[in-house]
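Coordinates in review
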Amino acid sequence: MKKIMLCIHNCLMAASITHTLNQTGSFLVYSICPGCKDAAKSCEQASADILVMEAAYELGTTLEDCLNEAQLLRSLRPQCKVILLCDENSAPEIARQVAQAKKDERIDDFIYSSVSQSYLTALLSSI
């Protein structure tokens, strides 16, 4: 079973993703409070396989915050994959910067919040 850490500010989205992933029986899903700046340490302590963080405008969820946590996580638990989640419609500039972070190899992958739950599950299963 893969251990997934979710650090998502949008509570409804986090609950939906958690429910979907738990239903598969293939994931252990843990939530981390966004903005607590302990995502990397929590991933290390839980031996997480994947960290999914939301990049948004809210304090603690900015792209800079996410990239700082990703960099720290790479030093603490290099085998843990970092995936950023963003809303390409309401935050197109963040979405562009997230895609650039992937090109620059600062994160392992990214997804838009508009993707289907089945796509998200398939993506996480394939990592």
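Look up a bit, the structure's there.
All values derive from a computational prediction rather than experimental measurement.

Quick notes on the side chain of Glu54
- Along the chain, Glu54 falls in strand β3 (residues 50-54).
- With sequence-adjacent residues up to four places away left out, Glu54 is seen in contact with Cys7, Ile8, His9, Asn10, Thr61, Cys66 and Leu85.

Re the pairing of strand β4 (residues 81-86)
- Taking burial as the measure, the 6 residues of β4 include 5 buried ones, the bulk of the element.
- The pairing of β3 with β4 spans 5 bridges and is classified as parallel. Pairing of Ile50 across the sheet is with Lys81, part of β4.
- Crossover β3 to β4 through helix α3 (residues 63-76) is right-handed.
- Across 4 bridges, the pairing between β4 and strand β5 (residues 109-112) is parallel. Within β5, the residue paired with Ile83 across the bridge is Asp109.
- Regarding the hand of the β-α-β motif, the stretch spanning β4, helix α4 (residues 92-103) and β5 is right-handed.

Remarks on the pattern of salt bridges
- With the rule as written, the count across this model stands at 2 salt bridges.
- The closest approach of N and O atoms between Asp108 and Arg74, which form a salt bridge, is 3.6 Å. Of this pair, Asp108 sits in the loop between α4 and β5 while Arg74 sits in helix α3, and the two are 34 residues apart along the sequence.
- On the basis of relative accessibility, which here comes to 29%, the residue Arg74 falls in the partly exposed class.
- Residue Glu93 is joined to Arg96 by a salt bridge in which the shortest nitrogen-to-oxygen separation is 2.6 Å. With Glu93 and Arg96 both in helix α4, this residue pair falls 3 residues apart, about one helical turn.
- What makes Arg96 partly exposed here is its relative accessible area of 47%.

Regarding the state of the cysteines
- Counted according to the given criterion, the structure contains 0 disulfides.
- The thiol of Cys86 is unpaired, and the distance to the nearest cysteine sulfur, on Cys66, comes to 9.6 Å.
- Its relative accessible area of 1% is what places Cys86 among the buried residues.

Thoughts on a nonpolar patch on the surface
- There is a patch of nonpolar side chains on the surface, built from Met1, Leu28 and Tyr30 and spanning about 310 Å² of accessible area.
- Mapped onto the elements of the fold, Met1 is located in the segment before β1 (2-7).

Some details on α3
- Between its first and last C-alpha atoms α3 spans 20 Å; for 14 residues at 1.5 Å apiece the expected length is 20 Å, and the two agree.
- If you check which residues of α3 are buried, you get Leu63, Asp65, Cys66, Leu67, Glu69, Ala70 and Leu73.
- Of the surrounding elements, those touching the buried residues of α3 are α2 (39-46), β3, β4 and α4.

What about the nonpolar core?
- Ranked by internal contacts, the top residues of the largest apolar core, which has 26 residues, are Leu51, Met53, Leu84 and Val98.
- Once residues within four sequence positions are removed from consideration, Leu84 is found in contact with Met53, Leu63, Cys66, Leu67, Val98, Ile107, Asp109, Phe110 and Ile111.
- Ile8, Ala14, Ile50 and Leu85 belong to the second largest nonpolar core, which has 17 residues in total.

Thresholds applied
- Positions within a chain are numbered from 1, following the residues in the order the chain's sequence is written.
- Local features in a predicted model are, by the rule used here, given only for residues with pLDDT of at least 70; side-chain atom pairs are given and counted only at 80 or more, and totals for whole chains, interfaces and linings are based on all residues.
- With hydrogens and water excluded, all non-hydrogen atoms of the structure serve as input to the side-chain values.
- Starting at the N terminus, helices and strands are each numbered in turn, a helix being any DSSP run of H or I of at least four residues and a strand any DSSP run of E of at least two.
- We call two residues in contact whenever any of their non-hydrogen atoms come within 4.5 Å of each other.
- When accessible area is computed with a 1.4 Å probe and restricted to protein chains, residues below 20% of their type maximum are described as buried, those above 50% as exposed, and intermediate ones as partly exposed.
- A pair of strands is treated as paired once DSSP finds two or more bridges between them.
- By convention, a crossover is right-handed whenever its connection, traced from the first strand over the helix to the second and viewed with the strands pointing away, goes clockwise.
- Whenever Lys or Arg places a side-chain nitrogen within 4 Å of a carboxyl oxygen from Asp or Glu, that contact is recorded as a salt bridge.
- Criterion for a disulfide: a pair of cysteine sulfur atoms at a distance within 2.5 Å.
- Candidates for patches are residues over 30% relative accessible area with no salt bridge; among them, like charges are joined within 9 Å and nonpolar side chains (Val, Leu, Ile, Met, Phe, Trp, Tyr) within 5 Å.
- Residue-level accessible areas treat just the shown protein chains as cover; the underlying method is Shrake-Rupley with a 1.4 Å probe.
- To estimate the expected span of a helix, count its residues, drop one, and scale the result by 1.5 Å.
- What is meant by a nonpolar core is a set of buried Ala, Val, Leu, Ile, Met, Phe, Trp, Tyr and Cys residues, joined one to another through side-chain atoms within 4.5 Å.

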